[in-house]
Amino acid sequence: MTRAVLSIGSNLGDRLGHLRAAVTGLGDAVVMVSGVYETPPWGDADQPAYLNAAVMVADPAATPGDWLARAHAAEQAAGRVRDPARRFGPRTLDVDVVAVWDDAGRPVLSDDPGLTLPHPRAHQRAFVLRPWFDIDPGGRLVGHGGLTDLLQAEPVARDALDLNPRPDLALESDA
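Residues numbered from 1 in each chain as written. Predicted model: local features only at pLDDT ≥ 70, side-chain atom pairs only at ≥ 80, totals over all residues. Heavy atoms only, no water.

(A) Inspection of the overall build of the protein at higher detail. Looking only at helices and strands, the protein has five helices and 10 strands in total. Over its C-alpha trace the protein gives a radius of gyration of 15 Å, about what one expects of a compact globule, namely 16 Å for 175 residues. Of all 175 residues assigned to the protein, the portion counted as buried reaches 49%. Long-range contacts, defined here as pairs at least 24 residues apart, represent 69% of the contacts in the protein between residues at least 6 apart. (Helix = DSSP H or I, 4+ residues; strand = E, 2+ residues; numbered from the N terminus. Rg over C-alpha atoms; globule rule 2.2 N^0.38 Å. Buried < 20%, exposed > 50% of the residue type's maximum accessible area, 1.4 Å probe, protein only. Contact = heavy atoms within 4.5 Å.)

(B) Broad picture of empty space enclosed by the protein. Taken as a whole, this structure holds one cavity of 30 Å³ or more when the rule is applied. Considering only enclosed or pocket space, the largest cavity measures out at about 50 Å³ in volume. Here the element with the most residues in the lining of the largest cavity is strand E5 (residues 94–101); it accounts for three residues. Across the lining of the largest cavity, the residue classes tally to nine nonpolar, no polar and one charged. (1 Å grid on protein atoms, 1.4 Å probe; cavity = no way out; pocket = protein on both sides within 12 Å on 5 of 7 lines; lining within 4 Å. Points joined across faces, edges and corners; volume = space filled by probe spheres on them. Nonpolar A, V, L, I, M, F, W, Y, C, P; charged D, E, K, R; others polar.)

(C) Quick look at the layout of surface pockets. Its volume calculated, the largest pocket comes out at about 790 Å³. In terms of lining, the largest pocket is formed by 36 residues, of which the most central are Arg82, Arg91, Asp94, Asp96 and Arg121. Mapped onto the lining of the largest pocket, the elements with two or more residues apiece are strand E1 (3–10), strand E4 (50–58), helix H2 (64–77), E5 and strand E7 (115–117). In terms of residues, the lining of the largest pocket owes the most to one element, E5, which gives four residues. Residues belonging to the lining of the largest pocket are distributed by class as follows: 16 nonpolar, nine polar and 11 charged.

(D) How the structure looks around the confidence of the model for the protein. Taken over all residues, the pLDDT of the protein has a mean of 92, while the share at 70 or more is 97%. No element of the protein has a lower mean pLDDT than helix H5 (residues 156–160), at 91, and none a higher one than E4, at 98. (pLDDT = per-residue confidence, 0-100.)

(E) Inspection of the side chain of Asn52 at higher detail. Inspection of the secondary structure puts Asn52 in strand E4. Given the relative accessible area of 4%, Asn52 is considered buried. A polar contact of 3.5 Å, which involves the side chain of Asn52, links it to the backbone oxygen of Ile8. Ignoring any residue separated from it by four or fewer positions in sequence, one finds Asn52 in contact with Ile8, Gly9, Leu19, Gly35, Val36, Tyr37, Thr39 and Phe127. (Polar contact = N/O pair within 3.5 Å; in protein donor to acceptor, adjacent residues only side chain to side chain.)

(F) The environment of Arg158, seen in detail. Relative to the assigned elements, Arg158 resides in helix H5. Between the C-alpha atom of Arg158 and that of Met56, which follows or precedes it by 102 residues, the distance is 25 Å.

(G) Highlighting the pairing of E4. Most of E4 is tucked away, with eight of its nine residues classed as buried. Note: E1 against E4, eight bridges, orientation antiparallel. Within E4, the residue paired with Leu6 across the bridge is Val55. The pairing of strand E2 (residues 30–33) with E4 spans three bridges and is classified as antiparallel. Residue pairing in the sheet places Val30 in a bridge with Val57 of E4. (Pairing = 2+ DSSP bridges.)

(H) Local environment of the pattern of salt bridges. For the structure on display, the rule yields 10 salt bridges. A salt bridge links Arg80 to Asp94; the shortest N-O distance between them is 3.0 Å. Taken together, the residues span a long stretch of sequence, with Arg80 in the loop between H2 and E5 and Asp94 in strand E5 at a distance of 14 residues. Across the pair, exposure class does not vary: Arg80 and Asp94 are buried alike. Members of the salt-bridge network, linked through shared partners, are Arg15, Glu38, Arg166 and Asp168. (Salt bridge = Lys/Arg side-chain N within 4 Å of Asp/Glu carboxyl O.)

Printed below as a string of structure tokens:
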């Protein structure tokens, strides 16, 4: 498997620092990084705003499980603590594997409960789709359609109005 889109977000502590550390931790696999968006919390409104971005990564040797392991390693490095009582609660860093493509460019599908691909709720989340659109305007979420259409569909279009681009916050990479 060679390519994946990761969604990264943080709403605790040094939010930008956590996002930058995640990008740095992905190293040479980073192909492109979106702009940063400040977004209201999703699913549990009683928490601080998030900073969100998308990262396109590539590694000819990486499997979907490898991308998930890298996501969990980044979260752990940021001190992420999972609270099973608060599924959509605040976090130092959240890294989701949104979509993966094999070496022939075909989307990888998985219904494994540990890693469902594509991400089962990505099509509902403007904070995932809009940053992804920044780095891949022609992108498609298999089973749901193109990013442009998804961003114009309700309720995503309404949620997208709450996304605040933060051009003053950059995620540096060597890619």
